[in-house]
Amino acid sequence: RSCVRFGLSLSVMGAKSLCALTVFALFVGNVVRGQAGDGETLAGYTFISDVTDRANIELDVEAIETRNDERNFADAKDMYENGGNSVKPVDGGGTDIRTLRSLSTDADEKMAGEPTFQLYKSYFGGSGAYADEFVTAALDRSGMFEEADDAFRSECATKGVQYQILWMYIIHELEDALSDCLRDDPDDNDGGVLAVDEGWAFYTGVSVGESGEGIGKMPYTLAENRASDFGTLLGGKSSVNANLLTLWKKMSNAVSTLSCSSMRSDINEVVRLMSIPLYQGAIRYAYRADPNSGFGGGAKEWGEGWAFVYALLPLMNAANSGHAEFIKEQFDPSSADAPVKAGYSKVIDRLYAVAGSQGISGFDIGTLNDLDGGGGNSGGLSGGAIAGIVIGCLILLALLVAGALFFMRRRQSQKHIDDLNKSFDGQQSADAVYP
């Protein structure tokens, strides 16, 4: 695209230079990474311990996403299984590489007894590595993905890492922090760090920067993106992230002072808040994956929808098993009802309903701003379309009122002029009779 000159006379060379400088600035802005060291800040949270190595696992996620987007599933799997950017200390000294896969395959050992993990493990047939099984099947084109399009597989593999593996591991870190606090040993973790610090590092990654304005690949950025889509920004930031930041600071103080009586309820609230962007994602892609919607569907959109729905299934099933099964059948690649053959309106209605049963209100989720009411299954105009019509009518009414006022004032002005002229003529006549 050309550089906009805003009326200034720029030479071709000058315009090219301006474009080049702009691109360079954007490039520099994208490669600057934050730090999660002791006393440093990411997305508004200041760390007490150095957990930069945990936040660096975002670079593995970024590499996996890039390779999946290129349909280079073999190299994506290599990064998933072997890692490369997140170093961890090991017992007896030295270091090893932390891998995304290990966060799921080690879950049975690390997360045993943790409520949210146990709920997921039970739903997925007793397998603690349920998330790894999902991601690996997507990368290998096996199991439920045997007949899946590459675009579908790509989205599920990447989002399975982000919103199943990392999502659960973040919650695990808070459970670990609570356990450490109850044992009066808050830094009983690899490297002597605080588990609550680890949780925030895994939630944000390194790309968001000190204030959270950067664009990353972790759940923090998902919450920001969906807040823009659903009108749930608070002071220009995701309301989910704003509330999570408050909770994280509270829990950091609780662990540091060994005052952990409220941490169980705080963790439950974190689970509720972190579920909201997943519901928003499921709603967005219920609409986009529906072939009869205004968006028109597609394998990529279907895959994104299935990734979000799969990440929510245990929570939805616990809240309302009937709704959960209906929603599942609309996305499951092995289902005759997929993709979204019941129509996005019916799916979205059930997503809002089951979220409500989980304590997530319609206000928490907001309303998707790109619904256009297209397709035979839509059930009428969307909220955005109705709002557009109302605004258009108000503008037209305002123009009509303004026009009427202008016409009335013009008539009054003309009448005043005519009266003055008559008065002036009468005065002239009087002057003529009485010189």
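You'll find the structure just up there.
None of these values were measured; they are calculated from a predicted model.

1. A closer look at the packing of helix α3 (residues 57-69) against helix α9 (residues 150-182)
Where α3 contacts α9, the two axes come as close as 8 Å, and the packing angle between them is 160°. Classified by the angle their axes make, α3 and α9 are roughly antiparallel. In terms of crossing hand, the pair formed by α3 and α9 is left-handed. Residues Ile57, Val61, Ile64, Glu65, Asn68 and Asp69 of α3 form the contact with α9, whose participating residues are Ser154, Ala157, Thr158, Val161, Gln162 and Leu166. Of the residues that constitute the contact of α3 with α9, the class distribution is six nonpolar, four polar and two charged.

2. Description of the environment of Lys121
Mapped onto the secondary structure, Lys121 falls in helix α7 (residues 115-123). In this structure Lys121 comes out as partly exposed when scored by relative accessible area, which is 21%. In this structure the C-alpha to C-alpha distance between Lys121 and Ala131, which are 10 residues apart in sequence, comes to 9.6 Å. Ignoring sequence-local partners within four residues, the contact set of Lys121 consists of Asp108, Gly126, Ser127 and Gly128.

3. Focus on the packing of aromatic side chains
Under the definition given, this model contains 22 aromatic pairs. Pairing Trp306 with Tyr310 gives two aromatic rings, centres 5.3 Å apart and planes at 70°, and the pair type is edge-to-face. Taken together, the residues span about one helical turn, with Trp306 and Tyr310 both in helix α14 (residues 299-319) at a distance of four residues. A relative accessible area of 11% places Tyr310 in the buried class. An aromatic cluster is defined as three or more aromatic residues linked by ring pairs; in this entry it consists of Tyr120, Tyr123, Phe124, Tyr130, Phe134, Phe145, Phe152, Trp167, Trp302, Trp306 and Tyr310. Just above the ring of Phe73 sits the side chain of Arg153; from NZ or CZ to the centre is 3.9 Å. Above the plane of the ring of Phe326 lies Arg350, whose end atom (NZ or CZ) is 4.0 Å from the centre.

Cut-offs applied
Residues numbered from 1 in each chain as written. Predicted model: local features only at pLDDT ≥ 70, side-chain atom pairs only at ≥ 80, totals over all residues. Heavy atoms only, no water. Axes fitted to C-alpha atoms, helices over the stretch in contact; angles between N-to-C directions. Helix = DSSP H or I, 4+ residues; strand = E, 2+ residues; numbered from the N terminus. Parallel < 35°, antiparallel > 145°, perpendicular 65-115°, else oblique. Left-handed = near helix turned anticlockwise from the far one by under 90°. Contact = heavy atoms within 4.5 Å. Nonpolar A, V, L, I, M, F, W, Y, C, P; charged D, E, K, R; others polar. Buried < 20%, exposed > 50% of the residue type's maximum accessible area, 1.4 Å probe, protein only. Phe/Tyr/Trp six-rings, centres within 6.5 Å; stacked < 30°, edge-to-face > 60°. Lys NZ or Arg CZ within 6 Å of the ring centre and 35° of its normal.

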